[in-house]
Amino acid sequence: MKIYAIRDELVQEQKDLAYLLYYGQEKQFYIELPENADAWETPLLLDSFVKRGETTVDSYWSKIWVQ
């Protein structure tokens, strides 16, 4: 498994907004959102998950985000 931080490079603080987990053998992606994630700071595709209070983005939507 590999873990990548999702950041907004335009923001001075370089705060981690979420984490992308990649499972190489299964070739699946998952995104983990922090419990205190702010919908205004999160990337557009992920803000709906934050608004619903979800902290894990399933493999389908995570792969869409990667593409």
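Residues numbered from 1 in each chain as written. Predicted model: local features only at pLDDT ≥ 70, side-chain atom pairs only at ≥ 80, totals over all residues. Heavy atoms only, no water.

**Digging into the nonpolar core**
Burial of nonpolar side chains together is a common tendency in soluble globular proteins.
1) Next: Residues Ile 6, Ala 18, Leu 20, Phe 29, Ile 31, Leu 33, Leu 46, Phe 49, Val 50 and Val 57 constitute the largest nonpolar core, which totals 10 residues.
2) Next: Put simply, the parts of the chain that give this core at least two residues each are strand S2 (16-23), strand S3 (28-32) and helix H1 (44-51).
3) Next: Counting residues per element, this core draws most heavily on H1, at three residues.
4) Next: When sequence neighbours within four positions are dropped, the list of residues in contact with Leu 46 reads Ile 31, Leu 33, Val 57 and Trp 65. (Core = buried A, V, L, I, M, F, W, Y, C linked by side-chain atoms within 4.5 Å. Buried < 20%, exposed > 50% of the residue type's maximum accessible area, 1.4 Å probe, protein only. Helix = DSSP H or I, 4+ residues; strand = E, 2+ residues; numbered from the N terminus. Contact = heavy atoms within 4.5 Å.)

**Focus on the pairing of S3**
1) Next: Judged by which residues are buried, S3 turns out to be one-sided: Phe 29 and Ile 31 face inward and are buried, whereas Gln 28, Tyr 30 and Glu 32, on the alternate face, are not.
2) Next: With antiparallel pairing between neighbouring strands as the criterion, S2 and S3 make up a hairpin whose turn holds four residues, including Lys 27 at a positive phi of roughly 55 degrees.
3) Next: Sheet topology note: the S3/strand S4 (residues 56-57) ladder contains two bridges and is antiparallel. Each residue of the ladder has a partner; that of Glu 32, found in S4, is Thr 56. (Pairing = 2+ DSSP bridges.)

**Description of H1**
1) Next: All buried positions along H1 are accounted for by Leu 46, Asp 47, Phe 49 and Val 50. The buried residues of H1 occupy an angular sector of 160 degrees when projected down its axis, which confines them to one face. Along H1, the residues that are exposed and aim more than 90 degrees away from the buried face are Leu 44 and Lys 51.
2) Next: Lining the buried residues of H1 we find S3, S4 and helix H2 (59-66).
3) Next: The positive-phi residue at the C-terminal boundary of H1 is Gly 53, with phi of around 80 degrees. (Arc of directions from axis to C-beta.)

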